[in-house]
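One letter stands for each residue in the lines below.
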Amino acid sequence: MKNQLGASLKNIRQQQHLSQKDVARNICAQSMLSAIENGKYVPNAKLLINLCERLSISLNDISLLNDFEISNNQKLNQNLTVLCNSHEYSKLKTFLTNTETIKQIQTSEQIQAYYYYLAVANLHVSSNLTAAEQNLKLSISSSEETRVTSSLKRLGLVSLSLIKAKEGRITESDNLLKKATQSIQNAVYEENLNIVFYLAALIKYETNSTENSLKWLEKGISYITEHDSHYMLANCYHLLATIAKNSGKKDLQLQAQRRSSFLRELFGEKINENL
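Here the structure is a predicted model, which means the values were calculated and not measured.

**A closer look at the packing of helix 12 (residues 193-206) against helix 14 (residues 233-246)**
Packing of helix 12 against helix 14 leaves a shortest axis separation of 10 Å and a crossing angle of 20 degrees. Considering the angle they form, helix 12 stands roughly parallel to helix 14. Where helix 12 crosses over helix 14, the two elements pack in a sense that is left-handed. Residue-level contacts link Y198, A201, L202 and Y205 of helix 12 to N235, C236, L239, T242, I243 and N246 of helix 14.

This is the structure we're talking about:
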């Protein structure tokens, strides 16, 4: 996340033929801007806004989430990212099932990522969960045993746990969630791991376990902010507001709604409205 954000700011600055000194003036030290561009420091919201205003760019132009690669062909990976970011799930499914795309997949990690994205596409284009469930199982089984706790493996497990929860298979869902979150606090941080906490809370919400859902939201918000990230915060607060509304906690609902709206407007994060 740090490298992608810094690289985006640096590229835009250079395109405008501005020096670091020009951009940093009256905003921050030039050394801090250098650290941001080199992926050594993540700016807080206020600093990021000021830098974007100086560069006359929208925060929505910067993508902070790294997609997994499904091929050594970078053009293919770029196409995947574009479809995912634009939420074109029908086109994503067509792209993934294309013979030419499949030919480009080589390693076990790429196979794992391929089936994960195919599951995501199937979840959004069909009400039948069977295909998505099969894809997730293939993604999980494609991972090497030595990388059980990789972020992609965790995402596959927690996504499958959510499907089981929707199907009312609570014990299976709980077992998968336990595997997905095992020692996650000690894992090497990747921004994609933020999703695991949100989905864990959503799973508990789906199974009417409000107290546990709130606990996962609390853990998730702390985890995300401790790592100087904002990704999934808007969704976490949106879910918190939904739970508060259903529980009759109007003060908590209003506070969570305000924070969700602020983060949504600030970072352009797409909110899961299907709660």
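**Brief notes about the nonpolar core**
Core analysis: the biggest nonpolar cluster contains 60 residues, and I70, L80, L92, F95, L96 and Y117 have the highest contact counts within it. Element by element, the count of residues in this core is highest for helix 12, at 10 residues. Among residues more than four places away in sequence, those in contact with L80 are F68, I70, L92, F95, L96 and Y117. Formed by 12 residues, the second largest nonpolar core is a distinct cluster that contains I12, V23, C28 and L48.

**Observations regarding the environment of K178**
Mapped onto the elements, K178 comes out in helix 11 (residues 170-181). C-alpha separation for the pair K178 and S161, spaced 17 residues apart in sequence, amounts to 9.3 Å.

What counts, and where the lines are drawn
- Each chain has its residues counted from 1, following the order in which its sequence is written.
- Selection of residues for local features in this predicted model requires a pLDDT of at least 70, selection of side-chain atom pairs for listing and counting requires 80 or more, and totals for whole chains, interfaces and linings are taken over all residues.
- Heavy atoms throughout the structure, all of them, feed into the side-chain values; hydrogens and water do not.
- Note on geometry: axes are C-alpha line fits, over the in-contact stretch for helices, and angles between N-to-C directions span 0 to 180 degrees.
- Only runs of H or I of at least four residues qualify as helices and only runs of E of at least two qualify as strands under DSSP, and these elements are numbered from the N terminus.
- Put simply, angles under 35 degrees are roughly parallel, angles over 145 are roughly antiparallel, angles from 65 to 115 are roughly perpendicular, and the rest are oblique.
- Left-handed describes a crossing in which the near helix is turned anticlockwise from the far one by less than a right angle; the clockwise case is right-handed.
- The criterion used for residue contact is that any of the two residues' heavy atoms lie within 4.5 Å.
- For this analysis, a nonpolar core means a set of buried residues of the types Ala, Val, Leu, Ile, Met, Phe, Trp, Tyr and Cys, connected via side-chain atoms within 4.5 Å.
- Summary of the burial criterion: residues with accessible area below 20% of their type's maximum are buried, those above 50% are exposed, and those between are partly exposed, where the area comes from a 1.4 Å probe applied to protein chains only.

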